[in-house]
Amino acid sequence: MDVLYHRKVDDKKALSEIYRVLKPEGFLLLRVPANPLLFSLHDRYVHTRERYTKRKLLQKIRQAGFEVQKVTFVNSFLFIPARIKILFEKLAPDKSVSSINPAPQFLNEVILRILSLENLLLKRFSLPFGIGLFAVAKKRKLA
């Protein structure tokens, strides 16, 4: 979860190696940051190489040999607040620190409820946008 995006990770090589060591019919569960439009100070601080598009993530997973079971955006309800926060970041004088700070307890509770609702939706639907992408893929059977 959330490692393929790092600037020191070659995601194509990593996915190929995961495919190699995974048992036949084993599953890959993967989460990556999505939407290049959301690239933030925090991304810069944690050495994010890229935020993926759905198309690019699908392509890389398939190129590694996996059969994609599902790819969906996640944290969709947080997309607009995240985008607004990033627009305000441009006014921040210090670009060398993370823009993520501890949130008040009440805000954590609200976000937890929002994400719990989203998880219920994800059981039935794929979401069309969000701040992350979640993928489930399967290694093919041996011939």
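First, a word on scope: everything that follows refers to the structure included in this document.

Parameters at a glance
Residues numbered from 1 in each chain as written. Predicted model: local features only at pLDDT ≥ 70, side-chain atom pairs only at ≥ 80, totals over all residues. Heavy atoms only, no water. Pairing = 2+ DSSP bridges. Helix = DSSP H or I, 4+ residues; strand = E, 2+ residues; numbered from the N terminus. Axes fitted to C-alpha atoms, helices over the stretch in contact; angles between N-to-C directions. Phe/Tyr/Trp six-rings, centres within 6.5 Å; stacked < 30°, edge-to-face > 60°. Buried < 20%, exposed > 50% of the residue type's maximum accessible area, 1.4 Å probe, protein only.

## Remarks on the sheet that holds strand β2 (residues 67-74)
- The sheet built from three strands is open, its strands ordered β1-β3-β2 with antiparallel pairing. A single partner strand is all that each edge strand has here, and the edge strands are β1 (27-33) and β2. Recorded for the sheet is a direction-independent mean angle of 15° between the axes of neighbouring strands.
- Bridge count for β2 against strand β3 (residues 132-138) is seven bridges, and the pairing is antiparallel. Each residue of the ladder has a partner; that of Val68, found in β3, is Ala137.

## A look at the packing of aromatic side chains
- Across all of its chains, the model carries two aromatic pairs by this definition.
- Geometrically, the ring pair formed by Tyr19 and Phe66 is edge-to-face, given 4.9 Å between the ring centres and 90° between the ring planes. Remark: Phe66 occurs in the loop between α3 (54-63) and β2 and Tyr19 occurs in helix α1 (residues 11-21); sequence separation between them is 47 residues. The residues Tyr19 and Phe66 share a single accessibility class, namely buried.
- Each ring, one from Phe79 and one from Phe129, has its centre 5.6 Å from the other, and the planes form 70°; the classification is edge-to-face. Highlighted residues: Phe79 in helix α4 (residues 79-89) and Phe129 in the loop between α5 (105-122) and β3, separated in sequence by 50 residues.

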